[in-house]
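Each chain, letter by letter, is given below.
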Amino acid sequence: MCGIVACRTATSAAPYLVHALRLLEYRGYDSIGVAVRGSDAALVTVRSIRRVDDLAALLAARDPDGLGGVGIGHTRWATHGEVSERNAHPHRDCTGSLAVVHNGIIENATELRAELRGRGHEFASDVDSEVVCHLLEEHVDAGRDALAALEATVARLRGSWALVVLDGETGALVATAHGSPLVVAASPLGVFAASDVAAIADWVDEVVPLRDGDVVELSDEPRWMRAGVRRSAPAAVSAAPARRSVEPLDHPDFMAKEIAEQPAVAAGILDALRPGIERGRLWRELGLPDFSRVAVLGCGTSLNAGTVVGRAFSRLGGVPAEALVASEAAESVLPPGTLLLAFSQSGETADVLRALDDLDPGIPVLAVTNNPHSTLARRASSILHCLAGPEVGVAATKTFVAQVVTGVCAALSALTAIGRVPRARLREAVEELARAPERLARALDVGAATIPPVVARVSAAPGFVFLGRGAGVPYAVEGALKLKELSYRWAEAYPAGELKHGPLALVEPGTPVIAVDDGAPRLAGNLAEVAARGAAVVTIGGPGSTVPTLGAWSPTRAAAAPWGPLDAVVPLQMLARELALGLGRDVDKPRNLAKAVTVD
Ligand code: F6R
């Protein structure tokens, strides 16, 4: 989704902006732009509806001596207005000397635009963000400096924003945020701001996240203000965990790298959390109240991971669990005694944050996120960092596994602490969980050998059906989600028993039916029904399956793993990736999608 970078550096700003924009690319975008203060104090704005390489070439074609060390850059994921150069950021005021980059949505942009037009302002784009430029212009005209003008401007806005303003006339660079992430940082190389730490992590050791309402001047000694009064800066956090390469190094793409990292990710989480499971220490350290039911909240893959964890609470501890689609959660009534687990790898998903606004504020919230400095982490009652490391591919892979393993550790510890699981049963589950890294590694090997022939069989199919039963269902749902987002083919997921109530009509000779076969009773009968209609059945299961990833599946293993067949997700990810590559798709940056979905 949209990304912001800004810098004030001793040498030319352009190479810094280009490098940072490359590191923001993974978030998903459809246009890109920078504004740099020229040596004559005029703003040079370069925008493109192509990729960062195109922008870099346009900048390289300019006289390097003409560009100074102060600049702002942006990747745009269109919300208001088509994808076009005129709608790309940075936007400017009528005089052309104030440039603005914005993430978020200005909800009252239509009213403000009409009001500003009425006062003679001319708009050059269709985007909501442009109103900010013209409001600023009025305050600067009234004699305010950029910082005061920005504070006065945001007082007129409704919605969410991370904003950085470059005043070409004075060279001032000012930033503010409200409901959208932004960090600032200083180092001997210069002063930086970004919406994503990864963009600037190569140049700084620490970053300072803005609180809602902070306004910062990015001078050599950043000046922090709030409601017109000078404030001290919030606490800094390390930038090192966000540092990453722009290339997937030894892998053909980031998705391949991140799929391959899953056994190590699971092992790292277990090293950190397993000692706290028995005796309930992990749970108690979270400082949350006891509970009698759980609700899991999330979107897409994170919702699927949450569903798996919710089922672990019910299957192991008999605790009622419900899964809430974040964008629909406002409809839900959560009874007293509910613990809400909010799953979000980015911690910035607007639907999840909005759900927290809409749900009862008295409900304790445990955030399970890969971003411990995110808005979700700040708003939750407590947080579990799921330790997946940076995930660059837009399609979530290792963060799914990380959220499941982290969430299951929390579930096992909590159920122990509240006395909902007998000791022997707990030990059996912990031993099974400890086998996850080895099982995931085996799934990679089996998938490498068996997925290519499956892809060859199904690559011409226009649509796919994914099935599971019981604990296998959320994995089938995740497999279908991965396949549609990467290959752009239709994929429907169902509990297998539901098929005969309608979806069976989709099945015709050759329709691929991908079944997560964890030995659930009655699945074989459902598969016989589709096979009888000519479906190309692919089973991901134990020995004898098309993809025998699950090793020797047994009722004992099923009972010991209330979180279901986690290792099945690996071949499902591989199937989606390889099918997509065969169809010529960009698996790291699927069309229309974004890594952090910061609009609702
Ligand atoms: C799918 C995918 C999305 C995200 C969803 C929630 O591969 O990545 O479905 O899972 O947008 O994102 P987070 O986890 O950041 O809240």
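Residues numbered from 1 in each chain as written. Predicted model: local features only at pLDDT ≥ 70, side-chain atom pairs only at ≥ 80, totals over all residues. Heavy atoms only, no water.

A.B. asks: When you look at the site of the ligand in this model, what are you seeing that I'm missing?
C.D. replies: Near the ligand you find 14 residues, and of these Ser-302, Ser-344, Ser-346, Thr-349 and Glu-485 are the closest. Side-chain polar atom of Ser-302 to an oxygen atom of the ligand: 2.6 Å apart, as the coordinates give it. Here an oxygen atom of the ligand sits 2.9 Å away from a polar atom, N or O, in the main chain of Ala-396. For the ligand, the accessible surface in isolation is 410 Å², of which the surrounding protein chains cover 91%. Of the residues forming the shell around the ligand, the biggest block, three residues, is contributed by helix H9 (residues 300-317). A class-by-class count of the residues in the shell around the ligand yields five nonpolar, seven polar and two charged. (Near = heavy atom within 4 Å. Polar contact = N/O pair within 3.5 Å; in protein donor to acceptor, adjacent residues only side chain to side chain. Areas by Shrake-Rupley, 256 points an atom, 1.4 Å probe, with all protein chains shown as cover. Helix = DSSP H or I, 4+ residues; strand = E, 2+ residues; numbered from the N terminus. Nonpolar A, V, L, I, M, F, W, Y, C, P; charged D, E, K, R; others polar.)

A.B. asks: Any chance you could explain the sheet that holds strand S13 (residues 223-226) here in plain terms?
C.D. replies: Two orientations exist for strands paired in a sheet by backbone hydrogen bonds: parallel and antiparallel. Pairing is antiparallel in the open sheet, where seven strands are placed in the order S5-S6-S7-S8-S12-S13-S14. Strands at the two margins of the open sheet, each flanked by one partner only, are strand S5 (91-92) and strand S14 (229-231). Sheet topology note: the S5/strand S6 (residues 98-106) ladder contains two bridges and is antiparallel. Bridging across to S6, His-91 finds its partner in Val-100. Lying on the sheet, helix H4 (residues 130-141) is in contact with S5, S6 and strand S7 (159-167); it crosses S6 at an angle near 130°. (Pairing = 2+ DSSP bridges. Contact = heavy atoms within 4.5 Å. Axes fitted to C-alpha atoms, helices over the stretch in contact; angles between N-to-C directions.)

A.B. asks: Got a minute to help me understand the environment of Trp-563 in this structure?
C.D. replies: Checked against the element boundaries, Trp-563 lands in the loop between helix H17 (555-560) and helix H18 (569-582). On the basis of relative accessible area, Trp-563 is assigned to the buried category, the value being 5%. Between the C-alpha atoms of Trp-563 and Val-408, which are 155 residues apart in sequence, the distance is 7.3 Å. Sequence-distant contacts of Trp-563, defined by excluding residues within four places in its chain, comprise Val-308, Ala-312, Val-408, Ala-429, Glu-432, Leu-433 and Tyr-475. (Buried < 20%, exposed > 50% of the residue type's maximum accessible area, 1.4 Å probe, protein only.)

A.B. asks: Explain the sheet that holds strand S11 (residues 206-209) here, please?
C.D. replies: Within the open sheet, the eight strands sit side by side as S3-S2-S4-S1-S10-S9-S11-S15. Their pairing is antiparallel. Of all strands in the sheet, those bounded by a partner on one side alone are strand S3 (43-48) and strand S15 (237-238). Pairing of strand S1 (residues 3-9) with strand S10 (residues 190-194) involves five bridges; the strand directions are antiparallel. The residue bridging Val-5 from the neighbouring strand is Ala-194, located in S10. Sheet contacts for helix H1 (residues 13-24): S1, strand S2 (31-38), strand S4 (67-76) and S10; angle to S4, the most-contacted strand, approximately 20°.

A.B. asks: It is not clear to me how the packing of aromatic side chains should be interpreted in this structure. Could you clarify?
C.D. replies: Where two aromatic rings form a pair, the distance of their centres and the angle of their planes describe that pair. Taken as a whole, this structure holds six aromatic pairs when the rule is applied. Ring plane angle 70° and centroid distance 5.3 Å describe the contact between Trp-283 and Phe-291, whose orientation is recorded as edge-to-face. Pair check on accessibility: Trp-283 and Phe-291 agree, each one buried. Both rings, one in Phe-400 and one in Tyr-475, keep their centres 6.0 Å apart while their planes meet at 80°; by these two values the pair is edge-to-face. On the criterion of sequence distance, the pair formed by Phe-400 in helix H12 (residues 398-417) and Tyr-475 in helix H15 (residues 473-487) is long-range, its members being 75 residues apart. A single burial state applies to Phe-400 and to Tyr-475, both of which are buried. One aromatic cluster is present, formed by Tyr-16, Phe-192 and Trp-203 through successive ring pairs. The ring of Tyr-26 has Arg-244 sitting right over it, with the charged end atom 4.6 Å from the ring centre. (Phe/Tyr/Trp six-rings, centres within 6.5 Å; stacked < 30°, edge-to-face > 60°. Lys NZ or Arg CZ within 6 Å of the ring centre and 35° of its normal.)

A.B. asks: How should I be thinking about the nonpolar core in this particular structure?
C.D. replies: When a protein is soluble and globular, its nonpolar side chains tend to lie buried together. One finds Phe-313, Phe-466 and Leu-566 to be the most contacted residues of the largest nonpolar core, which totals 86 residues. Counting residues per element, this core draws most heavily on H12, at 12 residues. Other than its neighbours up to four places away in sequence, Leu-566 contacts Phe-400, Val-401, Val-404, Val-405, Ala-436, Leu-440 and Tyr-475. Cys-7, Val-44, Ile-200 and Ala-242 belong to the second largest nonpolar core, which has 36 residues in total. (Core = buried A, V, L, I, M, F, W, Y, C linked by side-chain atoms within 4.5 Å.)

A.B. asks: Teacher, can you tell me more about unusual backbone geometry here?
C.D. replies: A negative phi angle characterises most non-glycine residues, just as the trans form characterises most peptide bonds. Between His-89 and the following residue, Pro-90, the backbone shows a cis peptide bond with an omega angle of -5°. Looking at where Pro-90 falls in the secondary structure, it is placed in the loop between S4 and S5. Look at Arg-279: it is not a glycine, yet its phi comes out positive at around 75°. Within the element layout of this structure, Arg-279 appears in the loop between helix H7 (262-273) and helix H8 (281-285). The backbone phi angle of Asn-592 is positive, close to 70°, even though this residue is not glycine.

A.B. asks: Would you mind showing me how to read the pairing of S1 here?
C.D. replies: Successive side chains on a regular strand alternate, one facing one side of the sheet and the next facing the other. Burial analysis of S1 places six of its seven residues in the buried class, which makes it a mostly covered element. Across six bridges, S1 lies against S4 in antiparallel orientation. By the bridge assignment for S4, Gly-3 is matched with Thr-75.

A.B. asks: In this structure, what is going on with the side chain of Asp-214? I would like to understand it.
C.D. replies: Among the secondary structure elements, Asp-214 is positioned in the loop between S11 and strand S12 (215-217). You can call Asp-214 buried: its relative accessible area is 1%. Among the polar contacts made by the side chain of Asp-214, one reaches the main-chain amide nitrogen of Arg-211 at a distance of 2.7 Å. Leaving out residues up to four positions away in the same chain, Asp-214 has contacts with Ala-175, Thr-176, Ala-177, Trp-224, Met-225, Arg-226 and Pro-234.

A.B. asks: I'm lost on the side chain of Ser-31 in this one. Help?
C.D. replies: Tracing the sequence through the fold places Ser-31 in strand S2. Judged by relative accessible area, which is 0%, Ser-31 ranks as buried. In this view, Ser-31 contacts Ser-48, Ile-49, His-74, Thr-75, Arg-76 and Ala-88; residues no more than four positions away in its chain are not counted.

A.B. asks: Sorry if this is basic, but what is going on with the packing of helix H13 (residues 423-434) against helix H14 (residues 436-458) here?
C.D. replies: Between two packed helices, what matters for the description is the angle formed by their axes and the separation of those axes. One can describe the packing of H13 onto H14 by two numbers: an axis separation of 5 Å at closest approach and a directional angle of 40°. Regarding the angle of H13 to H14, the classification is oblique. Of the residues in H14, those in contact with Glu-432, Leu-433 and Ala-434 of H13 are Ala-436, Pro-437 and Arg-439. (Parallel < 35°, antiparallel > 145°, perpendicular 65-115°, else oblique.)

A.B. asks: Could you clarify how one ought to interpret the pairing of strand S19 (residues 365-369) in this entry?
C.D. replies: For S19, the tally of buried residues reaches five of five residues, placing the bulk of the element in the interior. Here strand S18 (residues 338-344) pairs with S19 via five bridges, running parallel. Each residue of the ladder has a partner; that of Leu-341, found in S19, is Leu-366. Crossover S18 to S19 through helix H10 (residues 350-358) is right-handed. The sheet contact formed by S19 and strand S20 (residues 382-385) spans four bridges and is parallel. From the neighbouring strand, Ala-367 faces S20, where its bridge partner is Ile-383. (Right-handed = clockwise from strand over helix to strand, strands pointing away.)

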